[in-house]
Amino acid sequence: MKLRTELPEIFHNFKEARRDGFINVKELKEKGIPIVGTFCTYLPEEIILAAGAIPISLCSTSDETIPAAEEDLPRNLCPLIKSSYGFGKTDKCPYFYFADLVIGETTCDGKKKMYEYMAEFKPFYLMNLPNSWNTDASFELWIDEMVRLKEKLEDFFNLEITEEKIREAINLMNEDRAARKEFYSLGKLNPPAISGYDIFKVMYGANYSFDKENLIKTLNETTKEIKEEYDNGKVLPKKPRILMTGCPIGGVTEKVIKAVEDNGGHIVFFENCTISKNIDKLNIEPMDNVYEELATKYSLVGCSCMSYNTHRFDLLDEVIDDYQVDGVLEMGLQSCHPYAIESKKVKDFCHNEKDIDYIYIETDYSESDIEQINTRVTAFIEMMEDW
Ligand code: BJ8
């Protein structure tokens, strides 16, 4: 066996994908292709694709636009919400700028109230998510919301979305999810094949590769190449295996990934919306009714805005075993009540059901807490036993 020292060239393309995406989105606009901006993984990309539009996840991970947001929003609000709003308000997110329509959703209170202001300066549509999946009525509402979104897009873009087009988009998204899952499942390898940070970068970059067919092909080739190199002995050193969970991650909060991997740990799985929440369990058996199928799929996203959020724990239960996880690190964004409150359940689950260590790291979009995070994460990794 020899230690891996460098990555295949393709990784660099993924790392630059978000920046390159700015140019690509401009070209898409010039070709007359509609752009739909989104903020949440509950939004059914399939319906947007079936409209011939490109769904794009909007900028929300930098503190650059927070001062502008704080002119309108309270300071003690989650940084992701302030950043999203600030990017829209200042037109500093090219994706927001080029989006014909932005779609929000009724998840946490902060986001849904912020959307009311965003709708004042951008064509905006709100999807109603139920607060739980406990009743048939909540699920019926979610199916109706799929139909209502389809009708909104037909009306807004003046086109027809047939069920055949939705079925095609479902098939494409299933392939997309399968390719992404296959790639991040490299995290199961022990000793590791690549770092968690590299898995994150590829997955993050994949969100800004708008040619899905090409993305699927590239991801599959990359996974194959890494596996072949692994079989030929290219590995990383064994270290405590950490699962990262919690709020979405990206931009400044990558500091938490680095804190783990620079201080003796290795991230093997990301249970969050940036990487796996809308992928891991969403490829379900086809149903006759495409709207029911989509509603079922997206109800499987394990977000802590839901009461009760059983899908999150189903996923954690499975991946903690499959990825041979030694400890769980939860990243919560400041003032995010849903994830902060649910963190006790995650901690109890790790300690009582899985018998592994757990740490909660609360942070924001500044760099002022990097030293403190490094110190806590180092102590967490050192205290981990039996890995
Ligand atoms: S499905 S995680 S993308 S809502 S961090 S804004 S919850 S206060 S981002 Fe999310 Fe959809 Fe859920 Fe995923 Fe509110 Fe918390 Fe801020 Fe959050």
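In case you missed it, the structure is sitting above this.
Predicted model, so just to flag it, every value in this text is computed and none were measured.

K.L.:
What's the story with the overall build of the protein chain in this structure? I'm lost.
P.N.:
Each helix and strand counted, the protein chain has 16 helices and 10 strands in total. Computed over C-alpha atoms, the radius of gyration of the protein chain comes to 20 Å, within 12% of the 21 Å expected from 2.2 N^0.38 for 387 residues, which places it in the range of a compact globule. A principal-axis box enclosing the C-alpha atoms of the protein chain has dimensions of 60 × 45 × 40 Å. Scored against the burial criterion, the 387 residues of the protein chain give a buried share of 58%. Accessible surface for the protein chain amounts to roughly 16,700 Å². Of this, 47% is attributable to carbon and sulfur atoms. Each charge class in the protein chain was averaged separately, 45 positive and 70 negative side chains, and the resulting centres sit 3 Å apart.

K.L.:
I would appreciate a short explanation of the sheet that holds strand E2 (residues 35–38) in the present structure.
P.N.:
In sheet architecture, strand pairing relies on hydrogen bonds along the backbone and comes in two forms, parallel and antiparallel. Pairing in this open sheet of four strands is parallel, and the strands run E3-E2-E4-E5 from one edge to the other. This sheet does not close on itself; its edge strands, each paired only once, are strand E3 (54–57) and strand E5 (124–127). Going across the sheet, the axis of each strand differs from the next one's by a mean of 30 degrees, ignoring polarity. Where strand E4 (residues 101–105) lies against E5, four bridges are found, and the strand directions are parallel. Opposite Gly-104, over in E5, you have Leu-126 as the bridge partner.

K.L.:
What is the right way to read the pairing of strand E8 (residues 266–271) from this model?
P.N.:
The side chains of a regular strand alternate, residue by residue, between the two faces of the sheet. Buried residues dominate E8, accounting for six of its six residues. Relative to E8, strand E7 (residues 241–246) runs parallel, the two sharing five bridges. Its bridge partner being in E8, Ile-242 is matched across the sheet by Ile-267. Each parallel crossover has a hand, and the one from E7 via helix H12 (residues 254–261) to E8 is right-handed.

K.L.:
When you look at the packing of helix H14 (residues 310–322) against helix H15 (residues 337–354) in this model, what are you seeing that I'm missing?
P.N.:
When two helices pack together, their arrangement is given by the angle between the helix axes and by the axis-to-axis distance. Two elements in contact, H14 and H15, have axes separated by 12 Å at closest approach and are oriented at 40 degrees. One element, H14, and the other, H15, form an angle in the oblique class. Read as a crossing pair, H14 and H15 show a hand that is right-handed. Contacts between H14 and H15 pair Arg-312, Phe-313, Leu-316, Asp-317, Ile-320 and Asp-321 from the former with Tyr-339, Glu-342, Lys-345, Val-346, Phe-349 and Lys-354 from the latter. Classifying every residue of the contact of H14 with H15 gives six nonpolar, no polar and six charged.

K.L.:
Looking at this model, I keep getting lost on the state of the cysteines. Mind explaining?
P.N.:
By definition, a disulfide links the sulfur atoms of two cysteine residues through a covalent bond. Across all of its chains, the model carries one disulfide by this definition. The partner cysteine of Cys-59 in its disulfide is Cys-93, sulfur to sulfur 2.5 Å. Handedness of the Cys-59-Cys-93 disulfide follows from its S-S torsion of about 70 degrees: it is right-handed. With Cys-59 in the loop between E3 and helix H4 (66–70) and Cys-93 in the loop between helix H5 (79–90) and helix H6 (94–98), the pair connects residues that are 34 residues apart, well separated along the chain. Cys-93 shares its class with Cys-59; the two are buried. In this structure Cys-350 is not part of a disulfide, and its nearest cysteine sulfur, from Cys-247, lies 16 Å away.

K.L.:
Quick question: what am I supposed to make of the layout of surface pockets here?
P.N.:
Using a probe with the size of a water molecule, rolled over the atoms, empty space left in the structure can be pinpointed. Its boundaries defined by the atoms lining it, the second largest pocket holds a volume of some 370 Å³. Forming the boundary of the second largest pocket are 16 residues, of which Asn-24, Tyr-208, Ser-209, Phe-210 and Asn-214 lie nearest the centre. Of all elements in the fold, only helix H1 (10–15), helix H2 (17–30) and helix H11 (212–231) reach the threshold of two or more residues within the lining of the second largest pocket. The biggest single contributor to the lining of the second largest pocket is H2, with five residues. Residues belonging to the lining of the second largest pocket are distributed by class as follows: seven nonpolar, five polar and four charged.

K.L.:
Could you clarify how one ought to interpret the pairing of strand E10 (residues 357–363) in this entry?
P.N.:
The element E10 is largely enclosed, with a buried count of five among its seven residues. Across seven bridges, the pairing between strand E9 (residues 327–333) and E10 is parallel. Bridge assignment links Leu-333 to a residue of E10, and that residue is Thr-363.

K.L.:
Help me out: how do you make sense of the side chain of Ser-132 in this one?
P.N.:
Along the chain, Ser-132 falls in the loop between E5 and helix H8 (136–157). A relative accessible area of 15% means that Ser-132 is categorised as buried. Side-chain polar atoms of Ser-132 contact the backbone nitrogen of Asn-134, separated by 3.2 Å. Beyond its immediate chain neighbours, meaning those up to four positions away, Ser-132 contacts Ser-138, Met-306, Ser-307 and Tyr-308.

K.L.:
Please explain H12 as it appears in this structure.
P.N.:
Note on helix geometry: an α-helix contains 3.6 residues per turn, so any two residues three or four positions apart are oriented the same way. Counting buried positions over the eight residues of H12 gives seven, a clear majority of the element. Among all positions in H12, only Glu-254, Lys-255, Val-256, Ile-257, Ala-259, Val-260 and Glu-261 are buried. Those residues of H12 hidden inside the fold are in contact with helix H10 (196–206), E7, E8, E9, E10 and helix H16 (370–383).

K.L.:
Sorry, what's going on with the site of the ligand here?
P.N.:
Every one of the 18 residues lining the ligand counts as a neighbour, but Cys-40, Cys-108, Cys-273, Cys-303 and Cys-336 are closest to it. Along the lines of polarity and charge, the residues of the shell around the ligand split into 15 nonpolar, two polar and one charged.

K.L.:
Explain the environment of Lys-150 here, please?
P.N.:
Considering the arrangement of structural elements, one finds Lys-150 in helix H8. Those residues in contact with Lys-150 that lie beyond four places of it in its chain are Ile-47, Ile-161 and Tyr-291.

K.L.:
For this particular structure, what's the right way to read unusual backbone geometry?
P.N.:
Cis peptide bonds are those with omega within 30 degrees of zero, and the linkage from Asn-190 to Pro-191 qualifies with 10 degrees. When you line up the elements, Pro-191 lands in the loop between helix H9 (163–184) and H10. Residues Ser-307 and Tyr-308 are joined by a peptide bond in cis, for which omega reads -10 degrees. Looking at where Tyr-308 falls in the secondary structure, it is placed in the loop between helix H13 (290–299) and H14. We note that Ser-335 has phi near 70 degrees; this positive angle belongs to a residue other than glycine.

Calculation criteria
- Residues numbered from 1 in each chain as written.
- Predicted model: local features only at pLDDT ≥ 70, side-chain atom pairs only at ≥ 80, totals over all residues.
- Heavy atoms only, no water.
- Helix = DSSP H or I, 4+ residues; strand = E, 2+ residues; numbered from the N terminus.
- Rg over C-alpha atoms; globule rule 2.2 N^0.38 Å.
- Buried < 20%, exposed > 50% of the residue type's maximum accessible area, 1.4 Å probe, protein only.
- Areas by Shrake-Rupley, 256 points an atom, 1.4 Å probe, with all protein chains shown as cover.
- Lys, Arg positive; Asp, Glu negative; His and termini not counted.
- Charge placed at Lys NZ, Arg CZ, Asp CG, Glu CD.
- Pairing = 2+ DSSP bridges.
- Axes fitted to C-alpha atoms, helices over the stretch in contact; angles between N-to-C directions.
- Right-handed = clockwise from strand over helix to strand, strands pointing away.
- Parallel < 35°, antiparallel > 145°, perpendicular 65-115°, else oblique.
- Left-handed = near helix turned anticlockwise from the far one by under 90°.
- Contact = heavy atoms within 4.5 Å.
- Nonpolar A, V, L, I, M, F, W, Y, C, P; charged D, E, K, R; others polar.
- Disulfide = S-S within 2.5 Å.
- 1 Å grid on protein atoms, 1.4 Å probe; cavity = no way out; pocket = protein on both sides within 12 Å on 5 of 7 lines; lining within 4 Å.
- Points joined across faces, edges and corners; volume = space filled by probe spheres on them.
- Polar contact = N/O pair within 3.5 Å; in protein donor to acceptor, adjacent residues only side chain to side chain.
- Near = heavy atom within 4 Å.

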